[in-house]
Amino acid sequence: MKGVRARFLIRLLVAPVVAALAVLLAGAPGAQAQTGVSEIGAALRESPVYVDPAASDLLSKSDADALADKIEDAGEPVFVAVLPAGYPTENLFQNLRTETGITGLYGVRLGDRFDARADSSVLSRQGVHNLVTAVQGAGDPKAQLNDFVDDALRSVRGSAPSSWDSGGGSAPTGALITAGAVVVIGGAGVYAVSRRNRHRREAEQRAALERLRVVVDEDITAFGEELDRLDFHPAEPGADDAMRADYERALDAYEQAKTYMADARRPEDVRAVTQAVEDGRFSLAQLAARREGRPLPERRPPCFFDPRHGPSVADATWTPPGGATRQVPVCAADQARLSDGLDPMIREVDTDQGRRPYWDAGPAYGPWAGGYFGGGILPGLLVGTMLGSMMAGPAYGAGYGTGYGDFGGYEGGDVSGGDFDPGDFGGGFGGGGDFGGGGDFGGGF
């Protein structure tokens, strides 16, 4: 908030000068000259929103300031640049990220088109794609950018760079003191509201994590029991190196799952836990096939109805109550039940309304399901369910429906290139976060 108040004071003092300069420059030769990426990067280090002079018709100064204040109040590493339609797009995101040097999510409105990229520690590729897709229908730049920022602030992980707190410039001390006396009460009120909102969000995250903890502990316990029932000894007759490697991977996955859960601090951290459990179960399936002389199983998602059933063996047709028919991965037992016209054995969890299938239990179970099924197939499996409806929107992009963000160990937002992976920002403008495309402006629209 310190940076927000300082920027407000500066705007108050320099706005008349800026307006006069704008009038003079409007008709001056070269007024629409292309702004260099280095200049844009420098501007974004001082404020999260940059509007090119040649694109001022797309977003007014007051709207840009309001958008910047929203991002700064949230304290998240979200950057927005508004550029004219003719701005060169080749390697735009990679160059912009390099010049800025800050881990974060970058959205660019270029003429009437929009795209975004992010460091993977801040938001997954699928998450970025979903954010971009969700706002493509908004033709009005102000509405589109506000929708993007609102969705992004619920999804990204990290923190704002400290450079934003500098206020982006300086002004005469006496003038700042005088202006500050006028706004100090209002600024304190805004700060209090922002702080309450942050505390409320943290409390919601803690409550969601505790609800998840019960379900995840059940999963870890069930996996541990599978290991106990296995009755495999690395030195037993017939055991070979491949079997021992499968067994070791399963044991490692079990220990990793326990460690990840003990270290979990936010709901999205649970994804790593269930992903480890699923990896371990697949290793057990490989071990069982080797011991029985069967062909090794293909890597398939777990049983949709309850991941504790283990890897699926086929896709089966299923119609949820009041929903549309779809194909879901099933274990052998549930495949047989469906073939006999019986209900599958569905994983239910506790909710405020009693026991419910996990897909109708609320957004907190998004990370849990995401670790088992990954980002590619889950939304389609859950179409028409509560969790599926959330995943169809932009929040799925990064937190599998939680709105809490994506996964990764690095908190982002610092002025550093340490987390920068050029692959995250590779390609040109277009693709909606599907990195590695083209070099042209056109994918994803």
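Residues numbered from 1 in each chain as written. Predicted model: local features only at pLDDT ≥ 70, side-chain atom pairs only at ≥ 80, totals over all residues. Heavy atoms only, no water.

## Re the packing of helix 2 (residues 37–46) against helix 4 (residues 92–100)
When two helices pack together, their arrangement is given by the angle between their axes and by how far apart the axes lie. Viewed as axis vectors pointing N to C, helix 2 and helix 4 meet at an angle of 55°, and their least axial separation amounts to 8 Å. Looking at the two axes, helix 2 sits oblique to helix 4. Of the two elements, helix 2 crosses helix 4, and the hand of that crossing is right-handed. Along the contact surface, helix 2 presents V37, S38, I40, G41, L44 and R45, while helix 4 presents L92, N95, L96, E99 and T100. Each residue belonging to the contact of helix 2 with helix 4 can be placed in one class, and the counts come to five nonpolar, four polar and two charged. (Axes fitted to C-alpha atoms, helices over the stretch in contact; angles between N-to-C directions. Helix = DSSP H or I, 4+ residues; strand = E, 2+ residues; numbered from the N terminus. Parallel < 35°, antiparallel > 145°, perpendicular 65-115°, else oblique. Left-handed = near helix turned anticlockwise from the far one by under 90°. Contact = heavy atoms within 4.5 Å. Nonpolar A, V, L, I, M, F, W, Y, C, P; charged D, E, K, R; others polar.)

## Section: the pairing of strand 4 (residues 113–118)
Across the six residues that make up strand 4, a large majority, five, are buried. Inspection of the sheet shows strand 3 (residues 105–110) paired to strand 4 by six bridges, in the antiparallel sense. From the neighbouring strand, V108 faces strand 4, where its bridge partner is D115. Between strand 3 and the antiparallel strand that follows it, strand 4, lie two residues; G111 among them carries a positive phi value of about 65°. (Buried < 20%, exposed > 50% of the residue type's maximum accessible area, 1.4 Å probe, protein only. Pairing = 2+ DSSP bridges.)

## Points about the nonpolar core
Judged by nonpolar contacts, the single largest core of 43 residues is most densely connected at V80, L105 and F148. A total of six residues in this core trace back to one element, the largest contributor, which is strand 2 (residues 78–83). Listed in part, the 41 residues of the second largest apolar core include F232, V277, W359 and Y365. (Core = buried A, V, L, I, M, F, W, Y, C linked by side-chain atoms within 4.5 Å.)

## Some words on the environment of V135
Counting through the fold element by element, V135 comes out in helix 5 (residues 125–135). Given a relative accessible area of 2%, V135 falls into the buried group. Separated by 16 residues in sequence, V135 and D151 have C-alpha atoms that sit 9.4 Å apart.

## Things to note about the pairing of strand 7 (residues 348–351)
Burial along strand 7 is one-sided: V349 and T351 are buried, and none of E348 and D350, which face the opposite way, are. Here strand 7 runs beside strand 8 (residues 354–357); their pairing, made up of four bridges, is antiparallel. Along strand 8, the bridge assignment pairs T351 with G354. The turn joining strand 7 and strand 8, which pair antiparallel and follow one another in sequence, is formed by two residues.

## Topic: the pattern of salt bridges
What the rule picks out here adds up to 25 salt bridges. Of the charged contacts, one joins R211 and D352 as a salt bridge, the two residues approaching to 3.1 Å between their closest N and O atoms. With R211 in helix 7 (residues 173–230) and D352 in the loop between strand 7 and strand 8, this residue pair connects regions lying 141 residues apart in the sequence. Exposure remark for D352: the relative accessible area of 65% places this residue in the exposed category. Two residues, R290 and D246, come together in a salt bridge whose shortest N-O distance is 2.5 Å. Remark: D246 occurs in helix 8 (residues 241–263) and R290 occurs in helix 9 (residues 270–292); sequence separation between them is 44 residues. What makes R290 partly exposed here is its relative accessible area of 25%. D246 sits in the buried class, given a relative accessible area of 0%. (Salt bridge = Lys/Arg side-chain N within 4 Å of Asp/Glu carboxyl O.)

## Description of the confidence of the model for the protein
Summary statistics for the protein give a mean pLDDT of 76 and a share of 69% for residues scoring 70 or more. Across residues 414–418, where pLDDT falls below 50, the model places 14 contacts with residues more than four positions away in sequence or in other chains. Every residue in residues 433–445 scores below 50 in pLDDT, and together they form 43 contacts with partners more than four places removed in sequence or on other chains. (pLDDT = per-residue confidence, 0-100.)

## Regarding the sheet that holds strand 1 (residues 49–51)
If you trace the four strands from one edge of the open sheet to the other, you get 1-2-3-4, paired in mixed fashion. Every other strand in the sheet has two partners, leaving strand 1 and strand 4 as the edge strands with one partner each. On average, adjacent strands in this sheet sit at an angle of 10° to one another, irrespective of strand direction. As defined by bridge partners, strand 2 adjoins strand 3 across six bridges and the pair is classed as parallel. Opposite V82, over in strand 3, you have R109 as the bridge partner. Packed onto the sheet, helix 5 meets strand 3 and strand 4 and runs at close to 165° relative to strand 4. Contacting strand 2, strand 3 and strand 4, helix 6 (residues 141–155) runs over the sheet at an angle of about 165° to strand 2.

## As for the environment of Q275
Turning to its location among the elements, Q275 is positioned in helix 9. Q275 gets classed as partly exposed once you look at its relative accessible area, which sits at 34%. Along the sequence, Q275 and P367 sit 92 residues apart, while their C-alpha atoms lie 9.9 Å from each other.

## Remarks on the packing of aromatic side chains
Considering all chains together, one arrives at 15 aromatic pairs under this definition. Measuring from centroid to centroid gives 4.9 Å for F114 and F148, while their planes differ by 65°, and the two rings are edge-to-face. With F114 in strand 4 and F148 in helix 6, this pair connects stretches of sequence that are 34 residues apart. Each member of the pair F114 and F148 is classed as buried. Here a set of aromatic residues connected by ring pairs shows up, and it is made of F304, F305, W318, Y358, W359, W368, Y372 and F373. Looking at R117, its charged tip hangs above the ring of F93, at a distance of 5.0 Å from the centre. (Phe/Tyr/Trp six-rings, centres within 6.5 Å; stacked < 30°, edge-to-face > 60°. Lys NZ or Arg CZ within 6 Å of the ring centre and 35° of its normal.)

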